[in-house]
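Chain by chain, the residues:
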Amino acid sequence: MLLSSLLLIPFLGTAVLLLWPGEQPLGRLRLVTIAILLVQLVASLVITVQFDPSIAGMQLQEFHSWLPGIGLDYSLGIDGLSLPLVLINAALTLVSAIITRDIDRRPRIYFAMLLLISGAVNGAFIADNLLLFFLFYELELIPLWLLISVWGGANKAYAATKFLIFTAISGMLILGAFLGLALLTGSVDFSLTPVLSDRLAMGGQIVLLLAILLGFGIKIPLVPLHNWLPDAHTQAATPVSVLLAGVLLKLGTYGLLRFGLQLFPEAWAELAPGLAIWAAISVLYGSLAAIAQTDMKRMVAFSSVGHMGYVLLAAAANTPISLLGAVFQMVAHGLISALLFLLVGIVYRKTGTRDLKVLHGLLSPEKGLPLTGTLMILAVMASAGLPGMAGFISEFLVFRGSIAAFPVATLLSMVGSGLTAVYFLLLVNRAFFGRLSITPNSDDPIKDARLDVQLAPVAPRETYPAIALAAAIVALGLLPFGLSYLSETSITALAMQSMGVS
Amino acid sequence: MSAALPLPLQLIWLIPIYGFSGMLLSLPWATGWIKRNGPRPAAYLNLLVTLLAVVHGSLVIRSVYDIGPQHVDLAWFQAADLNLRIGFDLSLTNLAALEFVTAMSLICQIYALGYLDKEWSLARFYALIGFFEGAMSGVVLSSNLFMSYFLLEMLTLSTYLLVGFWYAQPLVVTAARDAFLTKRVGDVLLLMGVVALSAFAGSMEFNDLYDWAGNLKGTGALGPVGISLLGLGLIAGPMGKCAQFPMHLWLDEAMEGPNPASILRNSVVVTCGAIVLMKLMPIVQLSPVATDVLLVVGAISAIGGALVSLAQVDLKRAFSYSTTSYLGLVFIAIALQLPGIALLLLFAHGLARALQFMGVGSIIATTNCQDLTELGGIGTRMPATSLAFIIGSAGVVGLLPLGSFWCYGLMVNSLQDSAPGFAVVFLLTNLLTATNSTRVYRSLFLGEPLPKTKRAPEVNWLMALPMVSLSVIVLLLPAMMQRIDPVPGIASFSLPVAVAVSLSGLIGVVIGALVPLDQFWSRSTTPWIRTLQDLLAYDFYTPEIYRRTVVSLVANLAQFTRWVDLNVIKSLADGVGNLSMATANDLKLSVSGKTQSYVLTVLFAIVLLLGVLQIGRGG
């Protein structure tokens, strides 16, 4: 019943918001949503307390037969791989709700969709049945499409449609792979526990695994399947971006580990060298593309492309340390990218632009955004992998776990980590250092200097979520053992399982 | 950790915490939460914790003196075969370095009270200095490579923030960027080495790594290429930290930061980098390539840095290049397996250079000017500063029997037979440094007072006190060195060597005294001198070379990726989308409601299908 609460709370919340009679003001809807999400966070924490980290397999399992004819069961379970992601989901959805202050239309639907996404993501992480996972994976798609296409920016229709098409193809490939698995093994048992694939010929395994890889590769996203992400991010509102980068991309990497690595260990071992190269390309491509961006949000979006590549590298290496690094990287990236998008959102709200050619000197203490700037420096340093923050320990584990297996790909990915410092430093230097001005550079210093700006101060309550995220990033960087305590047993089992098979 | 250890040793983990806590304690003032009483309390709190660090350090030294070197470590993170620990190596050498770091930090913080008297973000400065000090005191005590790397990166971050302290000025912006990126390049290469070592050697403790390196030749686990790459990766980090060629640019640009931080950077930060290199040397020396690179880099930095410093008209830059030059000498000493002398040199150089920079800071604080061509005749007006500058310069140059003289003597003595070429490098560097110091001294303190120096009073006591105290320390340094290095003694070199060292210094002073100095014509009108001057003044055009190579490479790659992203991948995605939309639109028009056209379409499709099937069967 504990795990079901992760679905019940947000879904009931969605129903309550939608069925609440009468016209409700935004503030009240927001508070109700925050309350519901707080309950969800508490439920997630209760599960964390109940969770026994020494058990490798699924725990707190729940099972109800649903449609046995097609192999769909209501079967839930949680392990060291999914628990951190459930926690991140609870925390970041809460952040998203808190930072939603000024939406211009239909707040009721907006908050309902937020809760629906959170519930669907929970469902995908704790589903113990392939079809059930797929159901939740698709369920999250519609509300997100709505969030982008209704509450997005100027070019929202284009971005939302692109997102919809890409993700729909991703869903089709994944469903195809799941059904193909049933077809080839001749069983309609879609429960996650037995490794079905060892009954298959290698050719069939590789075809299915490729479908899984492409499907989740779109979601992660990996180059060249990433094209939907920068557009979706630039058009989405800040809270939606936080959710998209912090939580929804993790569905892709989670799926990669759970349904790629865990279901097809033999085929995975075959493809691993190629995957490592793919990861390195993704990292370098994402980082280089980020350097050339002038829109802050696009830059952060491309940095996501680069940083999610580390997870693929870690998965390809498939050692206990690299997989642990993958979990760390998922959590760290969730926190860091959420913080980055949040801060870019504050800058956008106060200045009306995200253009790096236009923004200068935002760190100015009296007229600018000093606290936002300070937190931005922390966030970009964390993202660049500076020690003492979450990014470093994650990257260290990924690299340390992968270098023996794939030295070249690992070293190339480390170059990508160096490039992260380049583009984020450019961001901080251009937008936050220098003399405060919000104007395109005209090569005429007098003209540029004369435009004096006074930005509206950021109220403290606007920065509390950012401070909380920053504190979490530092805490995870200095005290990483909490997370490894939760995940290590499951992760080691996952790595060992495939070692035993191959 | 054994319970039998004396309390100061058990609490050794507090040492880096002092600095970091100073940062946390400053935050209420730095962020402006407390506005009522100015930022001074943050400075006092930082001074207090630094004083605690100094006292704690000396208690540890006393204990270690009694019971011998100790090793203390705590678990930090463990997963599978990875065991990352927080480890402290409490040898007398490391502790001496620790005292050096904390004492210099204390002195600089007192000095900064005077120097940054009216700075509105004083608390932020002290927060950063606390962070800086915490990281450095951890680096010098660290017993494992992981912790060293961890803290070195924190140093990179705090350098970036300290250089960018006055972030509203355009030059500061580029200086901070370059400082961070140059060091980051070194750090990423070092990280590659650290990760590889961690994966191949297992443990991260320096002692285990030495054992592993000792057995490596037997096992052949890593090919010669692998070993060379490893060695090069490991030396890249210290090269960046010590501002060695080709990663030396940042130190010069970093002079845009506040002077008290420059004092620390030019004395203790570079020392930290060199100490890490010293700890890595047993692994680096496996690779002859890496050792050779160290020697070449050291020699180029030593001579090149000394030459470039001659042509600088900016007061701080004239000495920052000299720091690069001295660290080059240290690199040579380390690469030639003379760690003892390298340490002495670091120590002697660090103290004397800090004093020199304090003198420089006093002049800048009083005149608000750091352009040599606008300064002159300060000698009679600022006697304490003048004296400090002379003592500092004499401490750096091997001429009078102060710190560096003995280091030069020991060094030249050990090199004269084995590597005479490097002995010449040392003497030449000494000569050029002496020339530079004399030249700068003349244009600062002698001659007629200029408009900016006519009313230059001596600095306030907050700056004068640390400066005078440090002058006394620099004067007493040879006695201290004698105690640190008692066995052969610091005077264990022959008379001809002593004469050679003194002579090189003397020639330098004479050249420096004779070289024509004209405030107005500081850039010569004679074409060939002018070309030479420009070459040196612009640092052999290194920034330009960088801009045309590395920077443009990355920028072009980034633009290319962007182009691919827009023109290949995006158009592909859009193209497929547009195609389907266009087809749908066309089909929409074909919905005419005429049954004949539908029948025709169906018929056509059936014919086509059958035709394809027929061809397929026939084939």
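Residues numbered from 1 in each chain as written. Chains lettered and ligands numbered in written order. Predicted model: local features only at pLDDT ≥ 70, side-chain atom pairs only at ≥ 80, totals over all residues.

Novice: How would you sum up the overall build of chain A? Please name residues and give values.
Specialist: Along the backbone of chain A there are 19 helices and 4 strands. In terms of overall dimensions, chain A is globule-like: its C-alpha atoms have a radius of gyration of 22 Å, near the 23 Å expected for 502 residues. For the C-alpha atoms alone, the extent of chain A along its principal axes is close to 75 × 60 × 40 Å. A buried classification covers 61% of the 502 residues belonging to chain A. In chain A, once contacts between residues fewer than 6 apart in sequence are set aside, the share between residues at least 24 apart is 80%. (Helix = DSSP H or I, 4+ residues; strand = E, 2+ residues; numbered from the N terminus. Rg over C-alpha atoms; globule rule 2.2 N^0.38 Å. Buried ≥ 20, exposed ≤ 12 C-beta atoms within 10 Å, placed from the backbone. Contact = placed C-beta atoms within 7 Å.)

Novice: For the overall build of chain B, give the residues involved together with the corresponding values.
Specialist: Scanning chain B from terminus to terminus reveals 22 helices and 2 strands. Dimensions of chain B along its principal axes, counting C-alpha atoms only, are 110 × 65 × 60 Å. Expressed as a percentage of its 619 residues, the buried residues of chain B come to 52%. Pairs at least 24 apart in sequence give 81% of the contacts found in chain B among residues at least 6 apart.

Novice: Quick one: what's the story with the pairing of strand S2 (residues 72–78) of chain A, residue by residue and with numbers?
Specialist: Residues and elements named next belong to chain A. For S2, the tally of buried residues reaches 5 of 7 residues, placing the bulk of the element in the interior. Sheet topology note: the strand S1 (residues 59–67)/S2 ladder contains 6 bridges and is antiparallel. Within S2, the position partnered with Glu62 by the bridge is Leu76. (Pairing = 2+ DSSP bridges.)

Novice: Explain the confidence of the model for chain A to me, and be specific about the residues and the numbers.
Specialist: Residues shown with low pLDDT carry predicted positions that ought not to be read at fine detail. When pLDDT is averaged along chain A, the result is 90; 95% of the residues meet or exceed 70. Confidence, read as mean pLDDT per element, is least for helix H17 (residues 445–450) of chain A in chain A (62) and greatest for helix H3 (residues 82–98) of chain A (95). (pLDDT = per-residue confidence, 0-100.)

Novice: Now, about the interface of chain B and chain A: what can you tell me, with residues and values included?
Specialist: Each partner contributes to the interface: chain B provides 36 residues, whereas chain A provides 39 residues. Within the residue set of the side of chain B that touches chain A, elements represented by two or more residues are strand S1 (70–79), helix H6 (145–163), helix H7 (170–201) and helix H21 (542–590) of chain B. Counting residues per element, the side of chain B that touches chain A draws most heavily on H7 of chain B, which supplies 14 residues. Here the residues of the side of chain B that touches chain A sort into 25 nonpolar, 5 polar and 6 charged. (Nonpolar A, V, L, I, M, F, W, Y, C, P; charged D, E, K, R; others polar.)

Novice: Let's hear about helix H3 (residues 40–67) of chain B: which residues, and what values?
Specialist: Residue and element names in this part refer to chain B. Helix length check: H3 (28 residues) gives 41 Å between terminal C-alpha atoms against 40 Å at 1.5 Å per residue, within 8%. All of the buried residues in H3 are Ala42, Ala43, Leu45, Asn46, Val49, Thr50, Ala53, Gly57 and Val60. For H3, the secondary structure elements touched by its buried residues are helix H1 (7–10), helix H2 (14–30), strand S2 (82–90), helix H4 (92–115) and helix H5 (122–141). After H3 finishes, the residue Gly68 shows a positive phi value of roughly 85 degrees. (Expected span 1.5 Å × (residues − 1).)

Novice: Explain the packing of H4 of chain B against helix H11 (residues 259–284) of chain B to me, using residue names and the numbers behind them.
Specialist: All names here are of chain B. The geometry of H4 relative to H11 is characterised by a closest axis approach of 9 Å and an angle of 170 degrees between their N-to-C directions. On the basis of the axis angle, H4 is roughly antiparallel to H11. Two secondary-structure elements touch here, H4 through Ala97, Phe100, Val101, Met104, Ser105, Cys108, Tyr111, Ala112 and Tyr115 and H11 through Asn259, Pro260, Ile263, Leu264, Ser267, Val268 and Ile275. Here the contact of H4 with H11 is composed, by residue class, of 13 nonpolar, 3 polar and no charged. (Axes fitted to C-alpha atoms, helices over the stretch in contact; angles between N-to-C directions. Parallel < 35°, antiparallel > 145°, perpendicular 65-115°, else oblique.)

Novice: Would you mind going over the environment of Leu399 of chain B in detail, with residue names and values included?
Specialist: All names here are of chain B. Inspection of the secondary structure assignment puts Leu399 in the loop between helix H15 (383–396) and helix H16 (403–418). Leu399 gets classed as buried once you count the C-beta atoms within 10 Å, which come to 24. In sequence terms Leu399 and Phe88 are 311 residues apart; their C-alpha atoms lie 38 Å from each other. Setting aside chain neighbours within four positions, we find Leu399 in contact with Ala394, Phe405, Ala434, Ser502, Gly505, Leu506 and Val509.

Novice: Outline unusual backbone geometry, listing residues and values.
Specialist: The residue after Val223 of chain A, namely Pro224 of chain A, is reached through a cis peptide bond having omega 5 degrees. In this structure, Pro224 of chain A sits in the loop between helix H8 (202–219) and helix H9 (228–235). Cis peptide bonds are those with omega within 30 degrees of zero, and the linkage from Phe245 of chain B to Pro246 of chain B qualifies with 0 degrees. Not every positive phi belongs to a glycine, and Ala80 of chain B is a case in point at roughly 45 degrees. Mapped onto the elements, Ala80 of chain B comes out in the loop between S1 and S2. Here Asn368 of chain B, not a glycine, exhibits a phi torsion of approximately 55 degrees, which is positive.

Novice: Describe the packing of helix H13 (residues 320–351) of chain A against helix H15 (residues 390–402) of chain A, with residues and values.
Specialist: All names here are of chain A. Put simply, H13 and H15 touch, their axes get as near as 8 Å, and they point 155 degrees apart. Looking at the two axes, H13 sits roughly antiparallel to H15. Judged by the sense of rotation from one axis to the other, the crossing of H13 with H15 is left-handed. Here Ile321, Ser322, Leu324, Gly325, Ala326, Phe328, Gln329, Ala332, Leu335 and Ile336 of H13 come into contact with H15, specifically with Ala390, Gly391, Ile393, Ser394, Leu397, Val398, Arg400, Gly401 and Ser402. Within the contact of H13 with H15, the residues separate by chemical class into 11 nonpolar, 7 polar and 1 charged. (Left-handed = near helix turned anticlockwise from the far one by under 90°.)

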